[in-house]
Structures are given as structure tokens and as C-alpha cells.
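For reference, the chains in residue letters:
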Amino acid sequence: MSYLTVSNATKQFGQSFMALNGVSVSVARGEFFTLLGPSGCGKTTLLRAIAGFNDLSSGEITLDGSNLRVVPPHQRDIGMVFQDYAVFPHLSVFDNVAFGLKPRKVPASEIKTRVTQALDAVRLGAMAERLPAAMSGGQQQRIGLARAMVINPRLLLMDEPLSNLDAKLRIELREEIRDIQKQVDIATIYVTHDQEEALAISDRICVMNAGRIEQVGTPQEIYGNPQTRFVAEFVGTLNTFTPGEALDAMLGQLGLSVPEAASWSVRPERLGLAASGSSAEGAAVLAGKVTKYTYLGREAHVQVETPVGTLVVQVANPGMSATRNEGEAVSVLVPRDAPMAFGADSARIGG
Amino acid sequence: MPRFNFWTVVMILTWVLLFVLLFIPVGSVLISSVYDQEGNLTFANYLKFLGEPRFHQAFINTLVVGFGGLLGALLLGSIMAFCVSRFVIRGGRFVSLLAILALVSPPFIGAYSWIVLFGAGGVVRGFLRDIGINMPPIYGVGGILIVFSLKFYPYVYLMVSGALSNVNRSLEEAAEGLGLTPWQRTMKISFPMVFPALTAGGLLALIHAIADFGTPRLLGRGYNVLATEAFTLYSAEVGSNMSMATTISVILILVSMVFVMLQRYMSRRNVYHGNMINKPVRIQLKGWRNVLAHFAVYFIGLCGAMPVIISVIYSFRKTSGPVFQDGFALQSYERILFNLGDVVRNSLTFSVAAVVLIVMVGTVVGVLVARRTNLNTALLDGAFMVPYVMPGIVIGIAFIAAFNTGPIVLTGTALIIILSIFIRRLPYTVRTTASSLRQISPSMEEAAISLGYSPFQAFLRITVPLIVPGIIAGGMLSFVTAINELSSSLVLYVGSTMTMPVRIYLLILDGDFGTAAALSTLLLLLSGCAVYIAFRFMGRNEQALL
């Protein structure tokens with residue numbers, strides 16, 4: 001039984017622009033559900049429709065069985081965390097967090113305990129009396145998080161909450177968000193354009209593009225088994241083979257045959273690299289020449305010119321000896337289960 | 001389908017307000033300029049303007065004082081801005097204070113103080129004559145330009161020093177790395193960066209110079225400009241020629257409009273926001289350069305503030321009738337206390353009433369313009385440009401033309417003076433409110449709404465507290481303008497509604513400088529308090545005075 005349901009959501013701006021084009025999703029109780037997509041894909045429009053800030057052109061939203069679209073936003077009882085924090089600069093940290101408890105007529109003594117708890121949860125207990133203006137972005141977003149959670153909302157919405165923070169803090173805070181969400185067990189919808197963040201934090205991910213849903217699934221399904229070319233490209237990276245005799249020969253060698261396939265692709269980390277002239281069991285071997293070597297510490301990207309096009313091979317844990325020089329002859333190993341086939345409509349059809 | 005709610009009502013009322021207080025009066029001016037005394041449609045007034053050498057001269061003179069004021073202000077303002085923002089100047093804050101003093105003192109006080117020093121019987125001139133140096137008195141176009149330069153240089157100074165201290169030092173360092181000499185660097189990097197600020201500040205000086213009435217009136221001695229011509233034609237006891245006065249007003253509006261448009265275009269281009277990290281450092285000069293920089297800054301600052309200093313000193317001088325005696329006394333202030341209490345009271349009540357109206361109406365309309373963006377509000381925003389273009393003397397004449405007869409008769413009332421100040425200053429409040437609202441992220445109110453507050457409560461509890469300091473500060477600055485207003489009140493006042501600037505102007509014409517100086521000092525004290533309060537609320541932001 002799903003908790004939040006959106007069915008056939010459509011949002012039209014002006015005459016022709018469809019920000020949402022028949023989107024349907026359902027979120028379970030306590031689930032961490034992420035809307036992932038490039039900017040302009042409609043993820044924020046959907047989130048704001050659920051929050052009530054922008055109404056849909058058509059479609060239905062129900063929460064716990066009741067129609068949400070008829071409820072004005074301030075009565076929806078939905079907590080929201082904003083990209084720009086939206087911390088009230090004229091109120092102390094404590095008053096910011098207590099702000100949502102006042103219209104709920106919570107007694108003063110209970111406000112004190114609940115706010116203190118919430119601030120402790122986001123590790124801001126010691127800063128309750130400070131004004132937020134001079135605090136760091138990470139601290140301000142923690143206030144935003146505490147403020148949204150302290151009201152025990154029926155649903156928690158987060159609109160790219162980490163995108164204004166630096167990389168290290170982003171990772172640290174996303175772990176905290178994940179832990180806190182599991183503790184309080186509130187269904188959460190999280191919007192981001194960062195695929196790694198989405199994979200790390202979500203129970204399920206909904207990948208959106210141009211106002212439509214491309215795929216909904218667990219992080220493993222989204223990354224490991226993308227159902228459209230868009231998902232495969234947006235989540236992770238992709239090498240696309242150049243069509244031609246060399247590709248047909250390689251597919252034949254691997255025993256792969258999908259007549260309707262319009263294109264074949266492979267993820268860089270699924271490819272192997274070996275000395276020139278090697279052979280391997282259950283994998284096609286492509287002779288190639290190194291054109292570029294990029295060292296990234298825990299991995300290295302080797303760009304190889306092969307008969308089926310330029311491929312990037314990702315090598316994990318590259319030691320000092322793994323360095324490849326430009327022009328060096330190598331073999332690229334393509335395991336049988338690595339290539340993915342996409343049809344002319346870019347839907348996944350095999351591989 | 002617009003809903004008929006609070007904002008619709010506000011929108012309608014705002015348009016009504018604009019029509020009654022602005023479009024109809026200004027329209028009356030336009031219309032009455034194409035009718036003769038008998039009420040026949042005629043372009044004779046415009047032909048007369050084109051035909052009469054006297055008007056040609058006034059037109060040319062207006063441009064001369066405008067551009068002269070612009071050049072003088074540019075020269076003084078940019079020297080001061082450059083020195084203060086690039087070199088270590090002892091007492092830099094004091095220098096800025098001098099600039100503010102020059103800015104908030106009424107210009108005709110400047111004119112008269114310079115007459116006291118350098119006029120026909122001027123103190124300094126007399127002293128110089130005693131030691132054998134004969135210099136010409138300050139009257140005429142030269143005097144007007146000196147006074148304008150010293151009065152309006154703060155516009156350039158404040159704009160350019162703001163721009164100069166925002167130029168990213170990395171840019172100059174980059175130019176240095178590319179091998180440019182310091183001179184080339186200044187001309188090719190720093191100058192283009194502050195050019196928009198320079199022009200915007202200079203044009204601001206020009207706009208004020210061509211609208212100014214008091215200075216050419218007192219110092220001109222026959223050097224007439226459009227503003228004085230309009231007033232002479234309007235106020236002549238015999239043969240007052242209202243339609244010719246309105247014709248000149250229209251021409252003044254047109255001239256002013258050109259430069260206001262130009263000024264707004266230039267200030268919009270003023271968008272080189274440097275990053276705040278790599279700000280330019282002030283250099284400590286050594287030896288004669290240091291002396292020279294200090295001399296330049298203090299000379300300009302003190303000359304600009306000279307009228308204020310003179311008025312304060314003269315207000316305490318002993319007098320016998322209008323004639324100054326040796327020694328000091330409080331006679332001038334006693335005269336204010338016993339004879340001019342009603343003038344001070346008028347000024348205070350009119351200004352306070354106007355400011356209260358301005359703040360209330362301006363805030364609501366500002367919210368409307370910022371938050372309900374559609375064609376209507378865009379038009380409204382545009383309509384609020386109109387009062388910018390109107391020299392005070394024109395608003396005065398327009399109000400007389402509109403409210404002398406017809407359905408609403410207001411001439412001779414206090415209300416007409418309050419309303420004329422109100423409509424002239426309203427656009428500033430609308431714009432500052434709108435821009436401060438645009439700076440507040442909409443997610444702030446959305447956060448409050450998601451926490452359970454209705455949209456109206458969210459506005460009241462979140463947005464209002466955030467914009468209130470700005471509104472109070474803006475109100476205080478409006479108060480400064482309101483209480484110093486001369487040119488429209490001079491057209492609109494009657495005996496019982498005389499204000500302090502009008503009284504000062506008349507006292508100066510009567511030669512009673514002691515009382516005028518005391519009234520001016522009082523005026524300055526009030527303005528100073530208002531500026532102080534404004535700075536307390538928004539931080540010391542001199543640019544807000546522009």
C-alpha cells in the first residue's frame with residue numbers, strides 16, 4: 001500500500017512547454033525516494049506541486065489516502081528543506097527551529113524539549129542562542145533540517161539541499177541526512193541532479209528527463225540495469241561502440257545478437273585492460289593503442305583507440321606500474337555480459 | 001482571470017493616485033502650454049520660446065550650468081574618491097561626513113554663504129582687498145558653477161568610491177602581470193570599470209543642477225536659467241503669464257527627461273560587481289605626495305561643507321536688526337523661538353505627514369511591484385519614473401494648474417505642499433522596497449508556509465521584519481529631502497503654510513542672514529538626526545543618500 005501517490009501529474013507553462021508530462025509515482029511509508037535528473041527535467045516542479053507551492057495543471061496527488069491538491073500548502077503538514085537553506089536571519093537558531101511548533105499550539109515546555117532534541121540530532125545543540133547569519137552553509141542547512149523535522153511532518157521534502165555545499169561537507173551531511181531519516185522514519189522525497197548522491201542516499205530513485213519518468217528503481221537497478229539510454233548515460237558514464245564490421249565481428253565472437261539494436265554501449269569499469277596480444281576466457285579482445293592516460297588516485301582512465309571506436313577503460317587501484325604511455329599497444333577485454341543494446345527509441349532491449 | 005482581492009484594490013488605488021497627483025497635473029501643464037489666455041488652442045507659446053532671444057539664452061544657460069556642474073562635480077568628486085579609496089587618508093570617515101554635510105544642506109544656503117565670503121561686500125574679498133588683491137565678486141555664471149561643483153560633487157564621490165573599492169584587485173594584478181605600466185593600468189583597467197559610476201554620478205549632478213532654482217536665483221544676477229524663468233513668469237505680480245510659465249516647464253521636463261534616461265541607463269550598466277575577497281588595498285603615501293593627497297581631500301571636503309560651517313558660525317553672531325555686530329549671542333535663535341515657531345512647526349508637520357504617507361503607500365506599492373509581476377505592475381513601475389523627471393518647480397506649477405479650480409481645489413492648503421513632496425519622493429520608497437523584497441529569497445516565505453503559517457502570516461512574520469530596517473532608513477532619508485524642499489513649496493506656499501526653506505530663502509532676499517543662518521542650522525540639525533537614524537538602521541551606507 002503506497003503512502004504518497006502522484007498519478008498523471010501534468011504541468012504546463014505557457015502554450016507549449018510541459019514541465020511535467022503525465023508523471024506517476026508512489027512512495028511507501030518511511031521510504032527515501034529520490035527524484036534525479038538534469039536541470040529543467042521537472043523534478044523540482046513535481047516537488048513543489050507536492051509541497052503545494054505550484055499547483056498541477058492536471059493530475060492527482062494523494063497522501064495517506066486523502067486528496068492533497070485541495071489542501072492549502074500551510075495545512076499540508078509537509079516539512080521542506082530548501083536549496084538556499086531559507087533560514088530566517090532575524091531569528092536565533094532555537095527560534096528558527098521552534099518556528100513551526102508555534103502554529104501547532106505546542107506547550108512551551110514541550111517546545112523546549114523538542115527543539116533541543118532536534119538540535120542535538122543535527123549536532124547544533126551548543127549553538128541554540130546564536131543568530132544564523134554568521135554560520136556556515138553546512139550549519140545553516142542543519143538548522144533547515146532540524147526545523148523541517150521537529151514538526152513531525154507527514155512527509156519530508158528536500159530540494160537539492162546539499163548543492164551549495166563543498167564536496168567533503170556534501171558527503172558528510174548526506175550520511176547524516178540518511179541516518180536521521182532512518183531514525184525518525186518519515187517518508188522523504190529528495191531532489192538532486194547529483195547521481196552519486198542519489199545512489200548513496202536513496203531507497204529508490206526516480207530518474208526524470210524532459211518532464212517524463214525514465215526509470216524508477218533501487219540504486220542497484222538504476223546503475224546496474226538501466227532501462228533507457230538516458231539513464232545509462234546520466235547515471236555513471238558510458239562508452240558507445242562505433243557501428244560497423246568490427247562491432248559485428250565482436251558481437252558475433254561474444255554470441256550476442258539483437259537485430260533491432262540501434263546502438264551498443266558499455267560502462268568503462270566493465271572493460272579490462274591487458275598486455276597486447278593477450279586472450280581471455282568469455283571475453284572479446286580488441287587490439288588498441290593508448291591515446292590518453294588520466295590518473296585520479298583511486299582509479300585511472302585509459303583512453304584507447306580500437307577498431308570499434310575510442311573507448312575509455314577504467315582501471316581500479318592503479319599502481320605505479322599501471323601507468324600507460326601514449327601510443328602503447330594494449331588489448332581491451334570486453335566481457336560477454338558487459339555490452340548493453342538500445343533500440344532506436346533509446347529503450348534498453350538487451351545485452 | 002484576475003481575482004478581486006486586496007492587491008487588485010491596491011493596484012487600482014495606486015493608478016488613481018498617480019492620475020490625480022501626477023498625470024492630471026502634468027497633463028494640465030502640457031495642455032495649458034498650448035492654450036492662450038483666452039482659451040484658444042495655439043502653439044504661440046512654443047513659437048515664442050523659439051523666437052525670443054531671452055528664452056534661447058535661458059535654455060543655453062541651463063545647459064551651461066548643467067554641464068558645468070557636471071564637469072566640476074566630476075573633477076572634485078573623482079579626485080576625492082580616488083584619494084580616499086586608494087590612499088591612506090587620516091580621518092577618512094570625517095571626510096565622508098563632510099561630503100554628506102554638503103549633500104544634505106539646501107543649495108541656496110551654499111549660494112548665500114559664498115556671497116558672504118566672496119560677494120560684493122564679502123568677508124574674504126574685503127580682507128584680500130585690504131592686502132591689495134582685487135578679485136571679482138562671485139556673482140554670475142562662474143559663481144553658480146563653483147557652488148554647483150561644491151554642492152554636487154558628493155554624487156560623483158559616493159558613486160565612484162563605491163565602484164573603486166569594488167574593483168577586484170586581481171584584475172589590476174593581471175594587467176600588471178601582462179606588463180602594463182601603472183598609468184596604462186589605471187587608464188585601461190580601473191577607468192573603464194568605474195566609467196559607468198562616473199557618468200551616472202556626473203549625470204545625477206547635472207540633473208540636480210538644471211532643476212536647481214535657488215542658486216541661480218541668488219547668484220545669477222541676470223544669468224537666467226529655465227527654472228528661474230518659469231518662476232519669474234509664474235510669480236510676476238504684473239502680467240503673470242501662466243501659459244508661458246508652463247511652456248517653459250514642459251521644456252525643462254524634456255531636457256531633464258533626456259538626462260534622467262541617460263543616467264538610469266548608465267547606472268544599470270554599473271554592474272561590475274567585484275568579488276569581496278580580493279579588495280584593493282589602500283596605499284600609504286610618503287612625503288609630498290601624502291601631503292598633496294591630504295590637502296586635496298580636505299580642501300574639497302571643507303569647501304563643500306563651507307556653507308554649513310558659515311551658517312553655523314553666523315547663526316551665533318550678535319546682530320542688531322539684520323546687521324551683524326561683533327561678538328556672539330543667541331539673538332537669531334530667540335527670533336526663531338518668538339517669531340518663527342509656526343514656520344518650524346509647519347516644516348515638521350508637513351515633512352512628517354509626507355514621510356508617513358510615503359512610507360505607508362510606498363511600502364504597499366513596492367510589495368505590489370515586486371511580488372505581483374505582470375504587465376500591469378511593469379507599467380506601474382514605469383509610471384513611477386515620471387516623478388524622477390520632474391524638477392520641483394514644475395511639480396509646483398503643475399499642482400497650481402490642476403488644483404486651482406475644478407473639482408479639487410487645494411491651493412493655499414497645507415495638503416497641497418504635503419502632496420507635492422509625497423508624489424516626488426514616493427518613487428524612491430517604491431523602488432527601494434521593491435528591490436529589498438527582491439533580495440529576500442522567496443523560499444524564506446515558503447519555508448514559513450510549509451511550517452504551517454498562512455501566506456499572509458508568513459509575509460508578516462518573516463518578510464516584514466526583514467524589510468522594516470530598510471523602510472525606516474528610507475523614511476528618514478525621505479524626511480531629509482522633504483524638510484529641505486524649496487522649489488515646489490515656493491510656488492505652492494501661502495502665508496500660513498510657509499516652511500523653513502521658503503522662510504530662509506525670503507530672509508536671504510531681505511538680507512537678514514543671521515536669522516536665515518539660525519534656521520538653516522536648525523534644518524541641518526534635523527537632517528543630521530534623520531541621517532544618523534537611517535545609518536543606525538541600515539549601517540553606514542552613504543550611497544543610499546543618492
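Residues numbered from 1 in each chain as written. Chains lettered and ligands numbered in written order. Predicted model: local features only at pLDDT ≥ 70, side-chain atom pairs only at ≥ 80, totals over all residues.

Draft legend 1. The overall build of chain A, seen in detail. When its secondary structure is counted, chain A shows nine helices and 19 strands. When burial is assessed residue by residue, chain A has 40% of its 351 residues classed as buried. Taking all contacts inside chain A whose residues are at least 6 apart in sequence as the whole, residues at least 24 apart take part in 66%. (Helix = DSSP H or I, 4+ residues; strand = E, 2+ residues; numbered from the N terminus. Buried ≥ 20, exposed ≤ 12 C-beta atoms within 10 Å, placed from the backbone. Contact = placed C-beta atoms within 7 Å.)

Draft legend 2. Region of the structure containing the overall build of chain B. Helices and strands together make up the secondary structure of chain B, namely 24 helices and two strands. Relative to the compact-globule value of 24 Å for 546 residues, chain B shows a C-alpha radius of gyration of 25 Å, a close match. Residues counted as buried form 48% of the 546 residues belonging to chain B. In chain B, 80% of the contacts between residues at least 6 apart in sequence involve partners at least 24 apart. (Rg over C-alpha atoms; globule rule 2.2 N^0.38 Å.)

Draft legend 3. Quick look at the interface of chain A and chain B. Across the contact, 18 residues belong to chain A and 14 residues belong to chain B. Among the elements that make up the side of chain A that touches chain B, the one with the highest residue count is strand E6 (residues 78-81) of chain A (three residues).

Draft legend 4. Broad picture of the packing of helix H1 (residues 6-32) of chain B against helix H15 (residues 341-371) of chain B. All names here are of chain B. At a minimum axis separation of 10 Å, H1 and H15 run at an interaxial angle of 115°. Here H1 is positioned roughly perpendicular relative to H15, judged by the angle of their axes. As H1 runs across H15, the sense of the crossing is left-handed. When H1 is examined against H15, the residues Trp7, Val10, Met11 and Thr14 are found in contact with a partner set consisting of Val364, Val365 and Leu368. (Axes fitted to C-alpha atoms, helices over the stretch in contact; angles between N-to-C directions. Parallel < 35°, antiparallel > 145°, perpendicular 65-115°, else oblique. Left-handed = near helix turned anticlockwise from the far one by under 90°.)

Draft legend 5. Here's a closer look at the confidence of the model for chain B. On average, residues of chain B score 83 in pLDDT, and 93% of them reach the 70 mark or higher. On the interface metric, ipTM, the complex scores 0.85, and its pTM is 0.76. (pLDDT = per-residue confidence, 0-100.)

Draft legend 6. Region of interest: the domain arrangement of chain B. Residue and element names in this part refer to chain B. Under the domain assignment, chain B is made up of domain 1 (49-315) and domain 2 (323-546). The centre of domain 1, based on its C-alpha atoms, is set 23 Å off from the matching centre of domain 2. Listed per partner, the contact involves 36 residues of domain 1 and 33 residues of domain 2. Residue assignment for the side of domain 1 that touches domain 2 shows that the elements contributing at least two residues are helix H4 (92-104), helix H5 (107-118), helix H7 (141-164), helix H9 (182-211), helix H10 (214-219), helix H11 (226-235), helix H12 (242-269) and helix H13 (287-315). By residue number, the principal contributor to the side of domain 1 that touches domain 2 is H12, which donates eight residues. Split into classes, the residues belonging to the side of domain 1 that touches domain 2 amount to 27 nonpolar, nine polar and no charged. (Domains from an automatic or database assignment. Nonpolar A, V, L, I, M, F, W, Y, C, P; charged D, E, K, R; others polar.)

Draft legend 7. Structural detail: the sheet that holds strand E8 (residues 188-192) of chain A. All names here are of chain A. Strand order in the open sheet formed by six strands is E6-E7-E8-E3-E9-E10, and the pairing between neighbours is mixed. Looking at which strands have only one partner, the edges of the open sheet turn out to be E6 and strand E10 (212-217). In this sheet, neighbouring strand axes are inclined to one another by 20° on average, regardless of whether the strands run parallel or antiparallel. Summarising the sheet, strand E7 (residues 155-159) and E8 pair through four bridges and their orientation is parallel. Bridging across to E8, Asp159 finds its partner in Val191. (Pairing = 2+ DSSP bridges.)

Draft legend 8. Spotlight on the packing of H15(B) against helix H21 (residues 455-484) of chain B. Residue and element names in this part refer to chain B. Packing of H15 against H21 brings their axes to within 9 Å, and their N-to-C directions diverge by 140°. Our classification of the angle between H15 and H21 gives oblique. Between H15 and H21 the crossing geometry is right-handed. Mapping the contact onto sequence places Ser347, Ser351, Ala354, Val355, Ile358, Val359 and Thr363 in H15 and Ile471, Gly475, Ser478, Phe479, Ala482 and Ile483 in H21. Partitioning the contact of H15 with H21 into residue classes produces eight nonpolar, five polar and no charged.

Draft legend 9. Summary view of the sheet that holds strand E4 (residues 58-63) of chain A. All names here are of chain A. Here four strands make up an open sheet; going across it, the order is E2-E1-E4-E5 and the pairing antiparallel. Across the chains shown, the open sheet's two edge strands, defined by having one partner strand only, are strand E2 (17-27) and strand E5 (66-67). Bridging between strand E1 (residues 4-13) and E4 involves five bridges; their strand directions are antiparallel. Bridging across to E4, Val6 finds its partner in Ile61.

Draft legend 10. Structural detail: helix H3 (residues 108-121) of chain A. All names here are of chain A. End to end, H3 covers 20 Å across 14 residues, agreeing with the expected 20 Å (1.5 Å per residue, within 8%). Residues of H3 that are buried include every one of Val115, Ala118 and Leu119, and no others. Down the axis of H3, the buried side of the element spans an arc of 95°, and every buried residue falls inside it. Those residues of H3 that are exposed and aimed more than 90 degrees away from the buried face are Ser109, Glu110 and Thr113. Those residues of H3 that are buried are in contact with helix H2 (93-98) and helix H4 (137-149). A positive phi of about 60° marks Arg123, the residue just after H3. (Expected span 1.5 Å × (residues − 1). Arc of directions from axis to C-beta.)

Draft legend 11. View of unusual backbone geometry. Residue and element names in this part refer to chain A. Positive phi, close to 60°, is recorded for Arg123, a residue that is not glycine. With 12 C-beta atoms counted inside 10 Å, the residue Arg123 sits in the exposed group. With a phi angle near 45°, Asn317 is a residue other than glycine that sits in the positive phi range. The exposure class assigned to Asn317 is exposed, which follows from the 9 C-beta atoms found within 10 Å.

Draft legend 12. Here's a closer look at the pairing of E8(A). Residues and elements named next belong to chain A. Buried residues dominate E8, accounting for five of its five residues. Side chains of E8 alternate between two faces, with Thr188, Tyr190 and Thr192 and Ile189 and Val191 buried alike. In this sheet, E8 lies alongside strand E3 (residues 32-36) in parallel orientation, the contact comprising five bridges. Across the sheet, residue Leu35 finds its bridge partner in E8, namely Val191. Following the backbone out of E7, through helix H5 (residues 167-184) and into the adjacent parallel E8, one traces a crossover that is right-handed. (Right-handed = clockwise from strand over helix to strand, strands pointing away.)

Draft legend 13. Representation of the nonpolar core in the model. Residue and element names in this part refer to chain B. Membership of the largest hydrophobic core comes to 159 residues, with the highest contact counts inside it found for Val156, Val160, Ala230 and Ile397. Considering each element in turn, this core owes the most residues, 16 residues, to H7. Each residue touching Val160, except ones within four places of it in the same chain, is listed here: Gly77, Ser78, Ala81, Val194, Ala197, Leu198 and Gly201. (Core = buried A, V, L, I, M, F, W, Y, C linked by C-beta atoms within 7 Å.)

Draft legend 14. Spotlight on the environment of A:Ala121. Residues and elements named next belong to chain A. When you line up the elements, Ala121 lands in helix H3. The spacing of Ala121 and Ala146 is 25 residues in sequence and 7.7 Å in space, taken between C-alpha atoms. With residues near it in sequence (within four places) discarded, Ala121 still touches Ala146 and Ile180.

Draft legend 15. Highlighting the domain arrangement of chain A. What the domain assignment reports for chain A is domain 1 (4-227) and domain 2 (239-350). A C-alpha centroid distance of 39 Å is found between domain 1 of chain A and domain 2 of chain A.

Draft legend 16. Inspection of the environment of B:Ala236 at higher detail. Looking at the element boundaries, B:Ala236 is found in the loop between H11 and H12. Residue class for B:Ala236 comes out exposed when judged on the 11 C-beta atoms lying within 10 Å of it.

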